[in-house]
Amino acid sequence: MRLLRFGLSGLLFAVVFLSTVVLTFARIEFVAHIAADEFIAGRDALCVDFDDDGDMDIVGAYDDMISIWLNDGEFNYTEQVIESYFQGVWKIDVEDMDSDGDLDVVGLSFGWYGDVTWWENQGTSVFPEHQILSSYDGMNRIDAGDFDHDGDMDVVATSTDSNCVFLLVNSGNQTFTYRVLEDGFTNPNGLTSADVDGDNDIDIIATARDINTIIWIEYINGDYTTHIVTDECADAFWPVAVDLDSDEDMDIVCSKYNHSEIVWFENDGSELFTQHEVADSVDMPLQINAGDFDVDGDLDIVVTQELDDEIWWYVNDGNENFTQAMVSNYYGGTHTLRVVDMDDDDDPIS
């Protein structure tokens, strides 16, 4: 398994790294590999086998562009541009939007640009563009998935202008209908999806920092029901859904951005959640992810610390007690943090 970090270096220049330096902890070492050295104003990136050749490629958004970096199997990457100008591009996702057996790309443009668009993979260097939504102010997060369980891909998004979580429902032929799922959700800034209740379908998880709230939304009998994980998580930011305590239900980890904390919410198996602390002295924790970095059978947590441009690893002892160790102390401006087994070696050793 390798840690992937995508972000800005300084104000304008960005580099994509596969595994980030520098830690040797319990004999675990992270070694940096450059996949692209002109990732200007990098905003988001995902790691998938886009060309279905058995190795992991990278899809990234940067400098009003969206590209794929195709892996030749030896970690040499060739950039293929999907979209040369998508103004204000902020977040992307990769799913089979048209159910034709290959992966397409969905993108969101931030702020007043307000577009959601998907690009169709036709197996060539040309990706036809299909607009889903336009001129919708304040969108900042998207996630694609089959949220109404009808066999096609929908798109869920959040908006800080409308203060809502909304769904773009796919009719089955890639036309979309707008539907608000949660209104009055002030300053939403985190969005993900997972099977929270273990019923084999995808639920939606969102955070709203101004009202200290984390919610999850499930689809039941043709309608959507919102459940509150907590309304006492001040400045909740960037949720990640994982089974952190290995008890076969989905827990939630998030940062408390201006409160220097990382917390996790333990699911009791009935979707009642109890808050636990991971760390309480992380200046401006931003991006969070989880993985078994030391291959000891439990999930550890990795987080970017925006104020000091640091990346930290929190090592789980198996009982959800965490020890802090540094991964990197000199990569600033991180926008995205992914955990992926890039080299297919089933462990975190580079």
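Higher on the page you've got the structure.
Residues numbered from 1 in each chain as written. Predicted model: local features only at pLDDT ≥ 70, side-chain atom pairs only at ≥ 80, totals over all residues. Heavy atoms only, no water.

## Here's the deal with the sheet that holds strand E28 (residues 310-316)
In step 1: Strand order in this open sheet of 4 strands is E26-E27-E28-E29, and the pairing throughout is antiparallel. The open sheet has two edge strands with one neighbour each: strand E26 (285-291) and strand E29 (322-328). Within the sheet, the average angular offset between the axes of one strand and its neighbour, ignoring direction, is 25°.
In step 2: Bridge count between strand E27 (residues 300-305) and E28: 5 bridges; the pairing is antiparallel. Within E28, the residue paired with Gln305 across the bridge is Glu310. (Pairing = 2+ DSSP bridges. Helix = DSSP H or I, 4+ residues; strand = E, 2+ residues; numbered from the N terminus. Axes fitted to C-alpha atoms, helices over the stretch in contact; angles between N-to-C directions.)

## Describing unusual backbone geometry
In step 1: Even without being glycine, Asp235 reaches a positive phi, approximately 60°.
In step 2: The residue Asp235 is located in the loop between strand E21 (223-230) and strand E22 (236-242) in this model.
In step 3: Although it is not a glycine, Val295 sits at a positive phi angle of roughly 50°.
In step 4: Judged by relative accessible area, which is 46%, Val295 ranks as partly exposed. (Buried < 20%, exposed > 50% of the residue type's maximum accessible area, 1.4 Å probe, protein only.)

## Some points on the pattern of salt bridges
In step 1: For the structure shown, the criterion picks out 4 salt bridges.
In step 2: A salt bridge links Asp44 to Arg338; the nearest nitrogen and oxygen atoms lie 2.9 Å apart. One end of the pair, Asp44, is in strand E6 (residues 42-48); the other, Arg338, is in strand E30 (residues 334-340), and 294 residues separate them in sequence.
In step 3: Overall, Asp44 belongs to the buried group, its relative accessible area being 2%.
In step 4: Of the charged contacts in the structure, one is a salt bridge between Lys256 and Glu261, with a shortest N-O distance of 3.7 Å. Of the two residues, Lys256 and Glu261, both sit in the buried class. (Salt bridge = Lys/Arg side-chain N within 4 Å of Asp/Glu carboxyl O.)

## Considerations on the layout of surface pockets
Any space left empty among the atoms is revealed by the rolling of a water-sized probe across them.
In step 1: In this model, the largest pocket occupies a volume close to 720 Å³.
In step 2: As for the largest pocket, its lining consists of 31 residues, and the residues nearest its centre are Leu46, Asp143, Thr192, Asn289 and Arg338.
In step 3: Looking at the lining of the largest pocket, the elements with two or more residues in it are E6, strand E10 (89-95), strand E14 (139-145), strand E18 (188-194), E22, E26 and E30.
In step 4: The class makeup of the residues in the lining of the largest pocket is 19 nonpolar, 5 polar and 7 charged. (1 Å grid on protein atoms, 1.4 Å probe; cavity = no way out; pocket = protein on both sides within 12 Å on 5 of 7 lines; lining within 4 Å. Points joined across faces, edges and corners; volume = space filled by probe spheres on them. Nonpolar A, V, L, I, M, F, W, Y, C, P; charged D, E, K, R; others polar.)

## Thoughts on the packing of aromatic side chains
In step 1: The full count for this structure, using the stated rule, is 13 aromatic pairs.
In step 2: Connected via pairs of aromatic rings, a cluster forms that spans Phe39, Tyr62 and Trp69. (Phe/Tyr/Trp six-rings, centres within 6.5 Å; stacked < 30°, edge-to-face > 60°.)

## Some details on the side chain of Asp57
In step 1: By the secondary structure assignment, Asp57 is in strand E7 (residues 57-62).
In step 2: Note on Asp57: relative accessible area 0%, which makes it buried.
In step 3: Reaching out from Asp57, the side chain makes a polar contact with the backbone nitrogen of Asn71 at a distance of 2.8 Å.
In step 4: Sequence-distant contacts of Asp57, defined by excluding residues within four places in its chain, comprise Leu46, Cys47, Val48, Asp49, Phe50, Asp51, Ile68, Trp69, Leu70 and Asn71. (Polar contact = N/O pair within 3.5 Å; in protein donor to acceptor, adjacent residues only side chain to side chain. Contact = heavy atoms within 4.5 Å.)

## Side note on the environment of Gly60
In step 1: Inspection of the secondary structure assignment puts Gly60 in strand E7.
In step 2: We classify Gly60 as buried; its relative accessible area is 0%.
In step 3: On a C-alpha basis, the gap between Gly60 and Ile82 in space is 9.7 Å, while along the polypeptide they are 22 residues apart.
In step 4: Contact partners of Gly60, with chain neighbours within four places excluded, come to Phe39, Asp44, Ala45, Met65, Ile66, Ser67, Trp69 and Ile92.

## Details of the environment of Leu191
In step 1: Turning to its location among the elements, Leu191 is positioned in strand E18.
In step 2: The class of Leu191 is buried, set by a relative accessible area of 12%.
In step 3: For the pair Leu191 and Trp238, spaced 47 residues apart in sequence, the C-alpha separation works out to 6.9 Å.
In step 4: Beyond its immediate sequence surroundings of up to four residues, Leu191 is in contact with Arg141, Ile142, Asp143, Val156, Ala157, Thr158, Ile204, Ile205, Ala206 and Pro239.

## What about the environment of Thr225?
In step 1: Take Thr225: it is sitting in strand E21.
In step 2: Between the alpha carbons of Thr225 and Leu181 there is a distance of 8.3 Å; along the sequence they are 44 residues apart.

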